[in-house]
Amino acid sequence: MTAQEVRLCGLLLQEHFGEVVEKVGRNLLKSGTQNLRAIVHETGLSVDLVKKSLCVLMQHGACSFIQGRKGPGSPTEYKAHCDRMLRILRYPRYIYTAKTLYGDTGELIIEELLQRGHMTMSNTVKTVADRLTQSMDEGSSMDYGEVSSTFSKLVETHFLQRCPPAVGAGTTGSSQTANSTSAAPASSTAPTPESFPDCYRVPQVTLIGRSKRPLASEEGEDQRNAKKAKMDPETHGDEGIYWQVNFERFHQHFRDQTIISAVANKLDQTSSEIVRTMLRMSEVTTSSTAPCTKPLSANEIFRSLPSTYNIPRHILDQYLTLLVDDPMEFVGKAGESGGGMYIVNLNQALANLARATLESIVQERFGSRSARIFRLLLRKRHLEQKQVEDFAMIPAKEAKDMLYTLLSQNLVQLQEIPKTPDFAPSRTFYLYTVNQLPTARLLLQNCYKTVANLMERRLFEAKESKRLLEKSQRIEAILASLQASGAEPEQLTEVEEMITAPEKQQLDSLRLHVNKLDSAENQVDETIFLLESYISSSTKPTSFLNDVDGMWLERKAHFDLDDTARTLRHNGQKVERYTKETAGN
C-alpha cells in the first residue's frame, strides 16, 4: 500500500462517510491491524465514535475483524481493506452499468445496496418500489413483483451475491457490532461469497402487492420511518439473508466491454459483435481470474449470433480466421472439433491494451518522437543508444535527450553488461530497455495521485462557494414548496429574483468546473481500471507451464546477452594470458 493509495482512500472516506470515519480508516490503513484500544489511543476519538466508525466500515466491507494475534482471549483486531475503499471511486460507473442493462429498477437496486453496504431482498424491493412510485404520476404505483424480478435477474447474472456468513458470530447481518470481542472468529481467514453453495440462490420472498405513495405529512419523517422499518414485526421469509454488490462481476463486464471496443476500433463492428457473442456465452461460466474463456465451437458461435447480424457461415469462418491471425491476439484457436474451437485471450488482450495505454501516455507527455523510442524499446527489448538512433531515425543529440528524459521519469531502464569483471565503462555494454509491468505500476500510482488532486480541487471549489451554494439550495427548496402549494407565477418570479445575475453567472461557472472535474475523475478511473486489471492478471499465479513460458520469453534476451558477455570476457582473459606469456618469453 503506497502513500498515494492511502491519500485517495482518505479523501473517498471523507466525502462519503465524514471526517470521523475518514480518521479511523486512515489510521487503520497506516498502522495495519489494530485492536479497539489502540485505535482509540491513536485517533484521539471517543470509544463510542470509534465503534460507530468501525460499524460503518464493516457494513460496507471496507474493514474486517479477526481474532487477536496473541491467542484465545486476546482483544479482537480490525483490518482495513484498501482495495474495497478504492472501489468507491467507481460507484457511478456501477450504477450507470446497471441502468444500461436493467433500466431504472436495476439502477436503484444497485444504488441502494452501494449506499447501505448490504440489505435483505425484501427491504431492497420495498425501498426501490417506494422510490419508483414517488417518481410516477399521481395514481400510479410500482408492483413489488416487477422489482423482485429485476432483483432475480441481477442475481442470475451474478451482479448480486449473498454476503458470506459471519464466522463465529452470534448474530447475522447489520446487528453485528464492532465491540463484540467475545464473538471473535475462530479463524483469521474470512470466507468468500463463492465458498458456500447458496451464493446465488434467490430465497422465496412473500412480498405481494404494490407500493404505496407516502402522504405529504409523512415525507418529513424519514428518520422515524427508518426506525419503524427496523422494528417491523412483519416477516417475508428472507430474514438474515443479506445481499451485496458483486464488484468482480462488474469488473468482468467492464473488461469485456473494453475488449469489444478495442476490437471494433482495430477491425470493424462485425468482428466486435462476434467477440461480444463469445464473451456473452462464457460470462457466467468463466472465472474473473481465468486467463482465457472456455473453448467455444464455431457452430455454437454461429447459432448464438444476434438475428440482426445475418452472417453466412463461411463469412463467420473468415472473420474468426482474421481474428486469430491478428497481431493483437484477442482470439485464439484451441482445437478443430465442431468447425474449430475458439477462445478469447483475456490476459493477452489486457496486456496489449495496457501497452497501448502506456504508449499513449508517453506520447501525450513527451511527444511523438519519445513515444516512437518507447514503442521501439517495447518491441526490441534491449537496444544500445546508437541502435535507438538508427532504428528510430532520430538525430543523435535529440535521441540522447529523449532517452535521458524517459530514464529520469523511470519509464526506461538502463542495463549494464560488462565485458570484464571490473565494470570499466569503456568495456561495458549499456542497453536501454522497458519493463512493461513495473512501468504500469508506476503510472498507476500517478493515476491515483491525479484522482486525489482532482478530488481536492473539486472540494476546494465547493468550499470557496459554500455560501452561494447554500443560498441556491434554500431558494430551490422554497420554489419547490411554493409549486407544490400552487403559488402564483408572480410569487415564483419574486423568489427567483433573490439570486442576482452575477450570482447566477458564478453558479453556472462553478457547476461547469465541477462537471469537468467529475468527468476527468471518471476518465482517469477508466485508465486505473485497465492498469489494475493488467497488473492483477500478470501477477496472479497461473499454471506451471505458463509461468515457465513467461519466464523464458521475458529472459530470452538476457540469456543471449549473458552468453555474449561471457564469450567476450573469456576472449579477453585469453588475450591477457597470451600477452603475459609473450612478455615473459
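Here the structure is a predicted model, which means the values were calculated and not measured.

Engineer: Teacher, can you tell me more about the overall build of the protein here?
Structural biologist: The helix and strand inventory of the protein stands at 22 helices and 11 strands. When the 585 residues of the protein are sorted by exposure, 41% land in the buried category. Taking the intrachain contacts of the protein between residues at least 6 apart in sequence as the baseline, contacts between residues at least 24 apart amount to 67%. Put simply, the protein shows about 32,200 Å² of open surface, and 52% of that area lies on carbon and sulfur atoms.

Engineer: Is there a simple way to explain helix 2 (residues 19-31) in this structure?
Structural biologist: In an α-helix, one turn spans 3.6 residues, which is why side chains three or four residues apart end up on the same side. The first and last C-alpha atoms of helix 2 sit 18 Å apart over 13 residues, in line with the 18 Å expected at 1.5 Å per residue. Buried residues of helix 2: Val21, Glu22, Val24, Gly25, Asn27, Leu28 and Leu29, and no others. In the stretch just after helix 2, Gly32 is the one whose phi turns positive, near 85°.

Engineer: What is the right way to read the sheet that holds strand 7 (residues 296-297) from this model?
Structural biologist: Sheet strands associate in pairs through backbone hydrogen bonding, adopting either a parallel or an antiparallel arrangement. Strands sit in the order 7-9-8 across an open sheet of 3 strands; the sheet is antiparallel. On the outer flanks of this sheet lie strand 7 and strand 8 (331-335), each paired with one strand and no other. Here strand 8 runs beside strand 9 (residues 341-344); their pairing, made up of 4 bridges, is antiparallel. Residue pairing in the sheet places Gly335 in a bridge with Met341 of strand 9. Along the sheet, helix 11 (residues 269-281) contacts strand 7, strand 8 and strand 9; its crossing angle with strand 9, the most-contacted strand, is approximately 90°.

Engineer: Help me out: how do you make sense of the packing of aromatic side chains in this one?
Structural biologist: By convention here, two paired aromatic rings are described through the distance between centres and the angle between planes. Counted under the stated rule, the structure contains 9 aromatic pairs. Here Tyr94 and Phe247 contribute two aromatic rings whose centre-to-centre distance is 5.2 Å and whose plane-to-plane angle is 50°, an arrangement assigned as tilted. Of this pair, Tyr94 sits in helix 6 (residues 91-116) while Phe247 is found in helix 10 (residues 247-266), placing the two residues 153 residues apart along the sequence. For Tyr94, a relative accessible area of 0% corresponds to the buried category. With 5.8 Å between their ring centres and 85° between their planes, Phe254 and Phe529 make a pair best called edge-to-face. Of the two residues, Phe254 is situated in helix 10 and Phe529 in helix 21 (residues 501-539); the sequence distance between them amounts to 275 residues.

Reading the values: the criteria
Residue numbering note: each chain is counted from 1, following its sequence as written. In view of the model being predicted, local features appear only for residues whose pLDDT reaches at least 70, and side-chain atom pairs are presented and counted only at 80 or more, with totals across whole chains, interfaces and linings using the full set of residues. Values shown for side chains rest on all heavy atoms present in the structure; no hydrogens or waters enter the calculation. Numbering goes from the N terminus for both helices and strands, where a helix is a DSSP run of H or I of at least four residues and a strand is a run of E of at least two. Here the term buried applies to any residue with accessible area under 20% of the maximum for its type, exposed to any over 50%, and partly exposed to those in between, with areas from a 1.4 Å probe on protein chains only. Pairs of residues are marked as contacts when any of their non-hydrogen atoms sit within 4.5 Å. The Shrake-Rupley method, run with a 1.4 Å probe, gives the accessible areas here. Residue values count only the displayed protein chains as cover. Given a helix with a known number of residues, its expected span is that number minus one, times 1.5 Å. Whether two strands pair depends on DSSP finding at least two bridges between them. Lines fitted to C-alpha atoms define the axes here, with helix axes fitted over just the stretch in contact, and angles between the N-to-C directions of these axes take values from 0 to 180 degrees. Pairing of aromatic side chains here covers Phe, Tyr and the six-membered ring of Trp, requires ring centres within 6.5 Å, and sorts the geometry by plane angle: under 30 degrees stacked, over 60 edge-to-face, intermediate tilted.

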